[in-house]
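Summary of structural features
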Amino acid sequence: MATGSEYTKEQLNYYRICCITTDELTDGLRTIFKQEWDNRYATTLGEWKDEAKNGKDFKNEESPRNQARNQELLATMINGNRAEWDCTMLFYAILFSDCIGRGLNAVVQSNVDDLRKFRNQDFAHLPRGHISEPKFQSAIAKVQGVFQALGLPTVLKEVDKLKHEVKVLEDQLQSETRPFCILPPKPSHDVAARNDEVAKITEVLRQLKETNESRLSYLYISGNPGRGKSQLAGLVAEQIFMESTDAFVMTLDASNLDRLLDSYVSFARHLKCSEYAVTNTLNDKDLKTEEKIAYIKSLAGTKVELYASWLLLVDNVVSIPEMYAHLPDTGNSHWSKGQLLITSQDSISIPSDNSFIKQMSVSQGMAPSDATSLLATISGIADDETAKKVAHALDYQQAPLRL
């Protein structure tokens, strides 16, 4: 069963079977037992009233062999309260006990035994906690037929009730949204706040959002390796998340397909997608990595559209043409409320600016104020003018400043 996540229809069918087996089936068996007991012993031992005397009478009617064989069951059953009896106790009492099972009407015996088989085959001994729709319908029809034969017509009403409860649960799970923020890993070294750049990029994203309220928009941060693109994008994403409500920020590592797949799996789980569907896709040996990404991306899309806004940080794209097919596209309505913030060194492949695509370059390095501040932090240079000269000599680049 998926923990803390959306349930599949097959898992919800299993939930229904569990409820029917533990509630309706046992209640029906308790009724049958009382009927059979009263028919035999009402005038001698007295009708069954769920009292301790009833339990003792039942045990006394059992042979020494049955008492020895069913000692653990009888330890509870001797109290006489049928509400404490589970299916195993009830099947024993009706089918296999000396006082009821011996001489049991053939119709009752056959139908109760069918319930026993149903309980074992369709519930207790299932290899996994999910049941297909055809098998679920067949199981319900089987139980309903037995209940009608035994004069217990309550199961259909209970099934309808369960269907309503499960529908409510499904609706809640499908519509549930929880904000979350998954940023790129933070470096172990000191980094600059880069407030000026964060403010500029945040403003560009805001303008893109206003211009494209119903369309996915893209902002590319380009530059050579070591320019701090990932760190800058992370600062921007964190700032946007802090200012938002009912939104999420997610980072996809797009440096290669395997890492992208891992990121999409994490993304789907944060969105509370079906764990069963995610795991089955991930473990399917017949699917290529690209196919797994496509399926899990489509799975995530059905939950993404429930959010009012979101930002997907696609980090470390080496080749934009190769990676583009694996990213959300602007023509898909599921992804229409959000934005992609993409970091890449593949500047030549970035599309030209238009109403929903913008590019910002960090090839010029950090803002002078951020560079001198970082240099002062990591080098201990106290003199502001000296720090400015050194930062300028290093072209305001983050990587050389840390050396």
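All residue numbers refer to positions counted from 1 along the written sequence of the respective chain. Selection of residues for local features in this predicted model requires a pLDDT of at least 70, selection of side-chain atom pairs for listing and counting requires 80 or more, and totals for whole chains, interfaces and linings are taken over all residues. Each side-chain value is derived from all of the structure's non-hydrogen atoms; neither hydrogens nor water enter the calculation.

Things to note about helix α12 (residues 275-283)
- Per-residue accessibility, obtained with a 1.4 Å probe over protein chains only, is compared with the maximum for each type, and a residue is labelled buried under 20%, exposed over 50%, and partly exposed between these values. Helix and strand definitions follow DSSP, with helices as H or I runs of at least four residues and strands as E runs of at least two, each counted in order from the N terminus. Taken as a whole, α12 has its buried residues at Ala277, Val278 and Thr281. The arc that holds every buried residue of α12, seen down its axis, measures 100 degrees, which confines them to one face.
- The contact definition used throughout considers only heavy atoms, calling two residues in contact when any of these lie within 4.5 Å. Buried positions along α12 lie against α11 (257-270) and α13 (289-304). As used here, the arc is the angular range of directions from the helix axis to the C-beta atoms.

A few points about the side chain of Arg30
- Secondary-structure assignment places Arg30 in helix α1 (residues 9-41).
- At 2.9 Å, the side chain of Arg30 and the backbone oxygen of Trp85 are in polar contact.
- The contact partners of Arg30, leaving out residues within four places of it in the chain, are Arg82, Ala83, Trp85 and Leu90. Here a polar contact is recorded for every N or O atom pair within 3.5 Å, except that within protein the pair must consist of a potential hydrogen donor and a potential acceptor, and residues adjacent in sequence are included only if both atoms are side-chain atoms.

Things to note about the packing of aromatic side chains
- Note on aromatic pairs: the rings of Phe, Tyr and Trp (six-membered ring only in Trp) are paired at centre separations within 6.5 Å, and the planes decide the class, stacked below 30 degrees, edge-to-face beyond 60, tilted for the rest. According to the stated counting rule, one finds 18 aromatic pairs in the structure shown.
- A ring pair is formed by Tyr218 and Tyr324, whose centres lie 6.3 Å apart and whose planes are at 20 degrees; its orientation type is stacked. On the criterion of sequence distance, the pair formed by Tyr218 in strand β2 (residues 217-222) and Tyr324 in helix α14 (residues 320-324) is long-range, its members being 106 residues apart.
- Under the relative-accessibility criterion, Tyr324 is labelled partly exposed at 36%.
- For the ring pair Phe248 and Tyr307, a centre distance of 4.9 Å and an interplane angle of 85 degrees mean the geometry is edge-to-face. In this pair, Phe248 sits in strand β3 (residues 247-253) while Tyr307 sits in the loop between α13 and β4 (309-317), placing the two residues 59 residues apart along the sequence.

Points about the pattern of salt bridges
- What makes a salt bridge here is a side-chain nitrogen of Lys or Arg within 4 Å of a carboxyl oxygen of Asp or Glu, nothing more. Within this structure, the stated rule accounts for 13 salt bridges.
- Lys53 is the partner of Asp57 in a salt bridge, and the nearest nitrogen-oxygen pair spans 2.8 Å. Placement of both Asp57 and Lys53 in helix α2 (residues 52-61) is noted, with a separation of four residues, approximately one turn of the helix.
- Judged by relative accessible area, Asp57 falls into the buried class, the value being 13%.
- In this structure, the salt-bridge partner of Glu210 is Arg206, at a minimum N-O distance of 2.4 Å. In this pair, Glu210 and Arg206 both sit in helix α9 (residues 195-211), four residues apart, roughly one turn of the helix.
- It is possible to trace a salt-bridge network through shared partners that takes in Lys34, Asp38 and Glu47.

Some remarks on the sheet that holds β3
- Here the rule is simple: two strands pair whenever DSSP picks up at least two bridges between them. As summarised here, the arrangement of the six strands in space is β1-β3-β4-β5-β2-β6, forming an open sheet in which the pairing is parallel. Across the chains shown, the open sheet's two edge strands, defined by having one partner strand only, are β1 (180-181) and β6 (357-361).

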